[in-house]
Structures are given as C-alpha cells and as structure tokens.
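Descriptive structure summary
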Amino acid sequence: MNTHKALLAALLVPLGATLAVAPATSAATAPAPAAAPAAASAPADTAAFRSPEAALGRVAHPLRTTGPRGGLADLRPFGRMVGDARVVGLGEATHSSHEFFTVKHRVFRYLVEEKGFRAFALEAPWSTGLRLDAYLLRGEGDLKQIMDEEFQGTYRWWNNAEYRDLLRWMRAYNVKHPKDPVRFVGDDGGFAGAELYDKVGAYAAAARPGLAPRLTELYRGLRPATDAETYVNDYLAKPLAERRKLAERTGRAVDLLKQRPGKGADADAHAWAVQHATAIHQMTTLYAFDWDDPRVIGDAMLYRDRVMAENVAWWQRRTGDKIVLAAHNSHLALRTYVPGSYPRVQGDFLREQLGRGYLSVGLTFDRGSFNASGRDGGVRRFTVGPAAPGTTEHTLDRVRHRDFVVDLRTAPAAARAWLAAPHPVKNIGATYPGIADAPKIRLAKSHDVVIHLQRVQAARLLK
C-alpha cells in the first residue's frame, strides 16, 4: 500500500467491511422502478396505512426549496427540532452534490437569522478556518485565492461554487452586522498552515519571550513553505520514525505553552495560542500513525474524529457561538456507520461532551449525481438511479413529500420498528465506488433528524 494514497484517501473516504448492498456505479441514471400499487385501493386501517413511509409522512415537514434564497417559513418546524442545541451537525450522503451544499446554506441562514447561530464549522484544517474567518470578519485576502490555496488535495471538494456563495453571504452579513458577526471554523487536522506557527511565535515573543527560542527550535523545519498539497505529500514521504519524532516535538511545544497559564488580559491570548499549537500537534500526530499497517487505520480514524469534535467543542466553549457543523453523515452520526474502521465518530464524541446540546442531522437522497474520484484517481461525475427496495432511501423516498425534514425522535409508533432496524444507506465518500458505500445502519440510533431529498445533482467544482 502506498502511504500517501492510503492516508489521503482515508481522510475523507469512509472505509469498512464488505458492502451490505452493491452500489450503483453506472455513469447513467438507472431506470425508475415500476410504480407501487395505489394505496387508495386499500382500507385506511390496513398495513399500508401503518407502513413506515405513511407514518413518517404524517409528521414530516415539506421543504419549499433546496436553494438558499427566498423565504424561510418552511424551516420553522426544523427550528423547533433544533430547540436549545448549541451545535447542529448537518451531514451529507456524498461529498460533492449541489443540493447538499445549498440546503446547508439555507439552514445556516435560517439558524443565523432566527436562532442566533454565529459559526459555520467545516471538515477542513484549523488554519484554513483562520484564513476564512479573517476574510469574513475584516475582508482580509481574496476569497478565490484563499479557496484555491486552502481547498487542495483531500479538501478539494470544498472548492465549489456553492460554498463560495455561502462564504459571500456570510461576508455580506458581517458587513451589515459588524458588531455581531458570523464566524468560520476549520475543525480538521490534515494540514497546519504557516499562520499557526506565526501566531504561536507572535504570542511567545510578546508574552513569553524566554520561551520563544525553544519554540522556534521545536518547530524547526515544520512551517510550510509550499502549497498545502505539496507539503502534505512531502511530509508523508518522511520515514515513520522521523514523523514520530516530529510529533513528539510538537507535543513538547504544547506542554511548554501550558506550563504557565495566562492570567488577566493575557488569558484569552494564551488560550488561543495553546489551541493553535494544539492544531499543529494534531496534524503531526495524525501523520505519525503507520498508514501502511491496516491494523492501525481504526486507531488513526478514532484519533481524527476525536480531535475534530474537540476543536468544535473548544470553539463553542471559548466563544459561546452556536455552531452549524458540516461534514459527511458518517462523521456526524451519533454512532459509527463502519465500526471496523471508525470505532467512534465525531458526532458520538460531541453527544458525549454536549449531551442534547448536540443535534445530528443526516442528509439523504434517493437518486442523482455527485463528483468523486474514480479508482484511477481522476475526478468524475457519477450518477446513481433510484434506491433499491430494502434500503433506507427507498422507504424515505416513498414519504408523501418530495423533499422534507423529519424528527426521528418523535416518529409515530408505526415507524419506530423500521427506524430501529438496520437498513443499507448511501455512504459515498471522496472515492467511488468505495469499500463501504452502503453500510447497514439503524437510522434512529444514528441521527436525531433527517432531511431527505428526492434528487441531487453534482456540485460545481471551481478548480
């Protein structure tokens, strides 16, 4: 196994055991199944009326549109589902479908305007979040340049027109509300940009000058001087023993900063400096796993999801911001989709830390298209046809609304047995077909709320 390819694939591709159901891989949409017999011919008290799709249809709330513009009144039922949650995880069944991104934009806009949410967190590096946050707050930098430079390699799926539109809306909101802005958070550890080293160094020089030379030595050779993708590839080419020594050095840097907690006016600056140093250490620790040994992949993924949750929880505690968290369904779920490769996931950790302050929202779809890397490594547009009988999406798509949101926690009795039973679900990552595109999950145990879309189309990649 090639270390570079194994790691870069694992960061965004759900891994796991043999498929429960083989996924559709054709580049053309499969023909729709024959229409089901009309339910009107059966008495209202028959099993058809008590079917899970009929029961869910009685409590599901239709979405007026999947686009971000226009009125938001149809999202008020969703607002009641959110309640007092401080972090709302919005998932996606693919990493690159237009409607998943635009629904997130629409939901975020609603939660900002109606529920006081003030941060958008994404499965992207902490340093990426800092650059985008500076753009949103103060207009620093050029958005196109930032996205081109930050969304590379495994994060290239975020360099799309839909997220650019969201970021422009966030910037416009901040221009109008400079004293109550929205923020951007990168919660992942796949890269540590130069700004992290600069911020830690600047803090040390100002507040702990005696520590500055020691930190400079511990960080020697680590500050990026190339683009992100080149840096990561070069870093992974280092021998495992060297990568482990680098992780030990960055860990010592964190420990040194923690030894003298900030006080008074320095307390906040100290906390941020420690967090920036922690983000550097998260990257070096992630890359200190032996990615050539399949036995440790589960440990590496456990570490990654744990630190993503910790970064989100840190931001929420430090700033008080209520956060919309965007990532793949399999990361935001309350329990893992694929236990063999992902022992525990970000949503599980967040529920442990925040209790009911964390809400998991899965986004599903019946048919449509998405961008992903093929087995040859090239980015292509894939299309899948209607979901097969027995799958999660097959039942959800027979709910009476085209696109809808439903609270699984208050589902009618007629739907509870189906929600509690395992069914295959689409789980499409950055590479397609993958190893675990259709794991069996218990929907009610995996998510609090589901937003189901009948059809999606591929997102518009910018580079």
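1. Here we look at unusual backbone geometry
Each neighbour pair has its own omega, and for Tyr432 with Pro433 the value is -10°, a cis peptide bond. Summarising the element assignment, Pro433 is placed in the loop between strand 9 (422-424) and strand 10 (440-442).

2. Observations regarding the side chain of Asp407
Assignment of secondary structure puts Asp407 in strand 8 (residues 404-407). Looking at Asp407, the relative accessible area reads 10%, which means it is buried. Here Arg409 takes part through its side chain, which lies 2.9 Å from a polar atom of the side chain of Asp407.

3. Focus on the packing of helix 13 (residues 297-319) against helix 15 (residues 346-354)
At a closest axis distance of 8 Å, the pairing of helix 13 and helix 15 adopts a crossing angle of 40°. By the angle between their directions, the pair helix 13 and helix 15 is classed as oblique. Considering how the two elements wind past one another, helix 13 and helix 15 form a crossing that is right-handed. Facing Leu302, Asp305, Arg306, Met308, Ala309, Glu310, Val312, Ala313 and Arg317 of helix 13, the residues of helix 15 in contact are Gln346, Phe349, Leu350 and Gln353. By residue class, the composition of the contact of helix 13 with helix 15 is 7 nonpolar, 2 polar and 4 charged.

4. Focus: empty space enclosed by the protein
Enumeration over the complete set of coordinates arrives at 1 cavity of 30 Å³ or more. Considering only enclosed or pocket space, the largest cavity measures out at about 40 Å³ in volume. If you trace the largest cavity, you find it lined by Leu63, Thr65, Leu75, Val103, Arg106, Val107 and Ile451. Partitioned by chemical class, the residues of the lining of the largest cavity number 5 nonpolar, 1 polar and 1 charged.

5. Some details on helix 11 (residues 240-258)
Between its terminal C-alpha atoms helix 11 stretches 27 Å, which fits the 27 Å expected from 19 residues at 1.5 Å a residue. Every buried residue of helix 11 is listed here: Arg243, Leu246, Ala247, Arg249, Thr250, Gly251, Ala253, Val254, Leu256 and Leu257.

6. With respect to the nonpolar core
By size, the foremost hydrophobic cluster in this structure holds 62 residues, and its most contacted members are Val87, Trp126, Tyr219, Tyr231, Leu257, Trp315 and Leu350. Take this core: its biggest share by element is 10 residues, from helix 13. Those residues in contact with Leu350, other than ones at most four positions away along the chain, are Val87, Ala309, Val312, Ala313, Leu325, Gly355 and Tyr358. Core analysis: the second largest hydrophobic core is formed by 59 residues, Phe100, Phe151, Tyr163 and Phe382 among them.

7. What to know about the pairing of strand 6 (residues 358-373)
Within strand 6, 16 of the 16 residues are buried, leaving the element largely enclosed by the surrounding structure. Pairing of strand 2 (residues 87-90) with strand 6 involves 4 bridges; the strand directions are parallel. Residue pairing in the sheet places Leu90 in a bridge with Val361 of strand 6. Inspection of the sheet shows strand 6 paired to strand 7 (residues 379-384) by 6 bridges, in the antiparallel sense. Paired with Ser369 across the bridge in strand 7 is Thr383. Linking strand 6 to strand 7, which pair antiparallel, is a turn of 5 residues; within it Gly377 sits at a positive phi near 90°.

8. Some remarks on the environment of Glu229
Looking at the secondary structure, you find Glu229 in helix 10 (residues 228-236). With a relative accessible area of 36%, Glu229 lands in the partly exposed category. Considering only alpha carbons, one finds Glu229 and Glu150, 79 residues apart in sequence, at a separation of 9.0 Å. Setting aside chain neighbours within four positions, we find Glu229 in contact with Gln152 and Gly153.

9. Some remarks on the pattern of salt bridges
Going through the model one piece at a time under the given rule, you end up with 27 salt bridges. For Asp348, the salt bridge identified is with Arg344, shortest N-O distance 3.1 Å. Residue classification places Arg344 among the partly exposed residues on the basis of a relative accessible area of 25%. With a shortest N-O distance of 3.5 Å, Arg367 and Asp397 are connected by a salt bridge. Residue Arg367 is found in strand 6, and its partner Asp397 is found in the loop between helix 16 (392-396) and strand 8; the two are separated by 30 residues along the sequence. Judged by its relative accessible area of 15%, Arg367 falls in the buried class. Judged by relative accessible area, Asp397 falls into the buried class, the value being 12%. Several salt bridges share partner residues, and in doing so they unite Glu123, Asp188 and Arg304 into one network.

The rules we used
- Residues numbered from 1 in each chain as written.
- Predicted model: local features only at pLDDT ≥ 70, side-chain atom pairs only at ≥ 80, totals over all residues.
- Heavy atoms only, no water.
- Helix = DSSP H or I, 4+ residues; strand = E, 2+ residues; numbered from the N terminus.
- Buried < 20%, exposed > 50% of the residue type's maximum accessible area, 1.4 Å probe, protein only.
- Polar contact = N/O pair within 3.5 Å; in protein donor to acceptor, adjacent residues only side chain to side chain.
- Axes fitted to C-alpha atoms, helices over the stretch in contact; angles between N-to-C directions.
- Parallel < 35°, antiparallel > 145°, perpendicular 65-115°, else oblique.
- Left-handed = near helix turned anticlockwise from the far one by under 90°.
- Contact = heavy atoms within 4.5 Å.
- Nonpolar A, V, L, I, M, F, W, Y, C, P; charged D, E, K, R; others polar.
- 1 Å grid on protein atoms, 1.4 Å probe; cavity = no way out; pocket = protein on both sides within 12 Å on 5 of 7 lines; lining within 4 Å.
- Points joined across faces, edges and corners; volume = space filled by probe spheres on them.
- Expected span 1.5 Å × (residues − 1).
- Core = buried A, V, L, I, M, F, W, Y, C linked by side-chain atoms within 4.5 Å.
- Pairing = 2+ DSSP bridges.
- Salt bridge = Lys/Arg side-chain N within 4 Å of Asp/Glu carboxyl O.

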